[in-house]
Amino acid sequence: MDAATLTYDTLGFGEFEDFPETSEPVWILGKEFNALTEKDDILSDVTSRLWFTYRKNFSPIGGTGPTSDTGWGCMLRCGQMILGEALVCRHLGRDWRWVRGQPQRGQYISILNAFLDKKDSYYSLHQIAQMGVGEGKSIGQWYGPNTVAQVLKKLTVFDSWSRLAVHVAMDNTVVMEEIKRLCMPWLDYGGAACAEPPGWIPKHNGCLEGACALAEEETALWKPLVLLIPLRLGLSEINKAYIETLKQCFQLPQSLGVIGGKPNSAHYFIGYVGEELIYLDPHTTQPAVEPCEDSQVPDDTYHCQHPPCRMHICEIDPSVAVVRRTELPHTRGSLPMFELVDCQPSHLACSVDVLNLTPDFSDRLERFFDSEDEEFEILSL
């Protein structure tokens, strides 16, 4: 049975709590701020994050489906936010800032266009909802974070401009062999470069459409990686032994944030101050946006222009998934929340290689993870 929808449509901006006056450091997606002397910088940084919320009056999904996602699309919007942050870092850089009314760079407009609520945008609600049908989720049904992760993983294949690689690591284990196969597909399984015939064009998932032909000078580099690692840091509540480690995740330069929550109550966590997590809330319904005749996008409603929301860290659900964004192999500064190994450990030998699943079995496996635990968060390092 669906729970009542949580929205903030009637909450005036003046009712939002101002950012606290504190000497404790403020961490937002790998950046440290002083709340006493850099409050404007903090709000500018928060406002520059892409803010995707419920929308209404868009074209029917699938031609005859819903025209609003109020009440069921909050986790999809959180998935858009975490991927949007990855694209901003990829194309504009972490230090890019949005200024209201200022002409925007072409890369920014291209990113925003990818998320508009229409069927031909790469990461639109329409695309996510329809791709989710293959994951066992009907249009209009609330998604668990794992379904969102799997859908975004599949949609990124068709984005030849960004060339992101999205991988969902299971069993609390990141296997570097799997990462290399995903991020360096031009290498054979032994790590040596493959000798390909002249004119050969790489295929992604056996399909040429949407695949990006690799420039010769790029073949020594990794494809930019978004790595999601589902974890559980307690039973019914987060184990306090993990709180400091969780905070440290927001301090990493590669941090993309945390998404998660329960049905009809998902949030995008972007940092912390003291014992409080800072987050963007998708539970505001706004009208759908259409590009202008000059291809510019009215973007005021895609940036949160009031102080961000906060919640005590102990209120977060203990199921999390750690995510890392990187363009080059990273040092093995291990965190105790997960294991980083070169090859698949022997105790996982019977586990399924998610990169080589048949479509039918992959669908059943992904639906199992979402049905077993719909409430885990996605933590991005």
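Cut-offs and rules
Every chain is numbered on its own, with residues counted from 1 as its sequence reads. Per-residue local features are limited, in this predicted model, to residues with pLDDT of at least 70; the limit for side-chain atom pairs, both in listing and counting, is 80 or more; totals at the level of whole chains, interfaces and linings are taken over all residues. With hydrogens and water stripped out, all remaining heavy atoms of the structure feed into the side-chain values. Numbering goes from the N terminus for both helices and strands, where a helix is a DSSP run of H or I of at least four residues and a strand is a run of E of at least two. Residue contacts follow a heavy-atom distance rule, with two residues in contact if any of their heavy atoms lie within 4.5 Å. The Shrake-Rupley method, run with a 1.4 Å probe, gives the accessible areas here. Residue values count only the displayed protein chains as cover. For every residue, the accessible area (1.4 Å probe, protein chains only) is compared with the maximum for its type, and the residue is labelled buried under 20%, exposed over 50%, or partly exposed between those bounds. Within 3.5 Å is the distance limit for a polar contact, defined as a pair of N or O atoms, with the added protein rule that one can donate a hydrogen and the other accept it, and that residues adjacent in sequence qualify only through two side-chain atoms. Throughout, the arc means the angular range of directions from the helix axis out to the C-beta atoms. For every residue, the predictor states its confidence as a pLDDT score lying anywhere from 0 to 100. Strands were regarded as paired on the criterion that DSSP finds at least two bridges between them.

**Quick notes on the overall build of the protein chain**
Working step 1: Helix and strand counts for the protein chain come out as eight helices and 14 strands.
Working step 2: A fraction of 74% describes how many contacts in the protein chain between residues 6 or more apart in sequence connect residues 24 or more apart.
Working step 3: Element-wise, carbon and sulfur atoms account for 51% of the exposed surface of the protein chain, whose accessible area totals about 17,300 Å².

**Topic: unusual backbone geometry**
Working step 1: Phi at L29 is positive, roughly 45°, even though this residue is not glycine.
Working step 2: Here L29 shows up in the loop between strand 1 (25-28) and strand 2 (31-34).

**Some remarks on helix 5 (residues 145-155)**
Working step 1: With 10 of its 11 residues buried, helix 5 lies for the most part within the structure.
Working step 2: Taken together, the buried positions of helix 5 are occupied by P145, N146, T147, V148, A149, Q150, V151, L152, K153 and L155.

**Some remarks on the environment of E237**
Working step 1: The residue E237 is located in the loop between strand 6 (225-232) and helix 7 (243-249) in this model.
Working step 2: A relative accessible area of 54% places E237 in the exposed class.
Working step 3: For E237 and I316, which are 79 residues apart along the polypeptide, the C-alpha to C-alpha distance reads 7.5 Å.

**Looking at the side chain of E135**
Working step 1: Topologically, E135 is positioned in the loop between helix 4 (125-133) and helix 5.
Working step 2: For E135, a relative accessible area of 2% puts it in the buried group.
Working step 3: Separated by 2.4 Å, the side chains of E135 and K154 make a polar contact.

**Observations regarding helix 6 (residues 176-183)**
Owing to its 3.6 residues per turn, the α-helix aligns residues three or four sequence positions apart on the same side.
Working step 1: Considered for burial, the residues of helix 6 that qualify are M176, E178, I179, L182 and C183. When helix 6 is viewed along its axis, its buried side chains cluster within an angular range of 155° and face the same direction.

**Some remarks on the environment of V226**
Working step 1: Assignment of secondary structure puts V226 in strand 6.
Working step 2: Given a relative accessible area of 9%, V226 falls into the buried group.
Working step 3: Separated by 144 residues in the primary sequence, V226 and I82 have C-alpha atoms spaced 9.8 Å apart.

**Notes on the confidence of the model for the protein chain**
For any part of a model where pLDDT is low, the fine detail of the predicted coordinates should not be relied upon.
Working step 1: For the protein chain, per-residue confidence averages 77 on the pLDDT scale, and residues scoring 70 or more make up 71% of the total.
Working step 2: Within the protein chain, helix 8 (residues 359-372) has the poorest average pLDDT of any element, 43, and strand 3 (residues 55-56) the best, 97.
Working step 3: Predicted confidence is poor over residues 1-14, with pLDDT under 50, and the contacts of this stretch with residues over four places away or in other chains come to 21 contacts.
Working step 4: Scored below 50 in pLDDT, residues 327-335 shows 14 contacts in the model against residues more than four places distant or in partner chains.

**Points about the pairing of strand 8 (residues 265-273)**
Working step 1: Counting buried positions along strand 8 yields eight of nine residues, so the element is predominantly enclosed.
Working step 2: Looking at chain direction, strand 1 and strand 8 are connected through three bridges and run antiparallel. The partner of V26 across the bridge, within strand 8, is V273.
Working step 3: Counting the residues that bridge the hairpin from strand 8 to strand 9 (residues 276-280) gives two residues, and of these G274 lies at a positive phi of roughly 60°.

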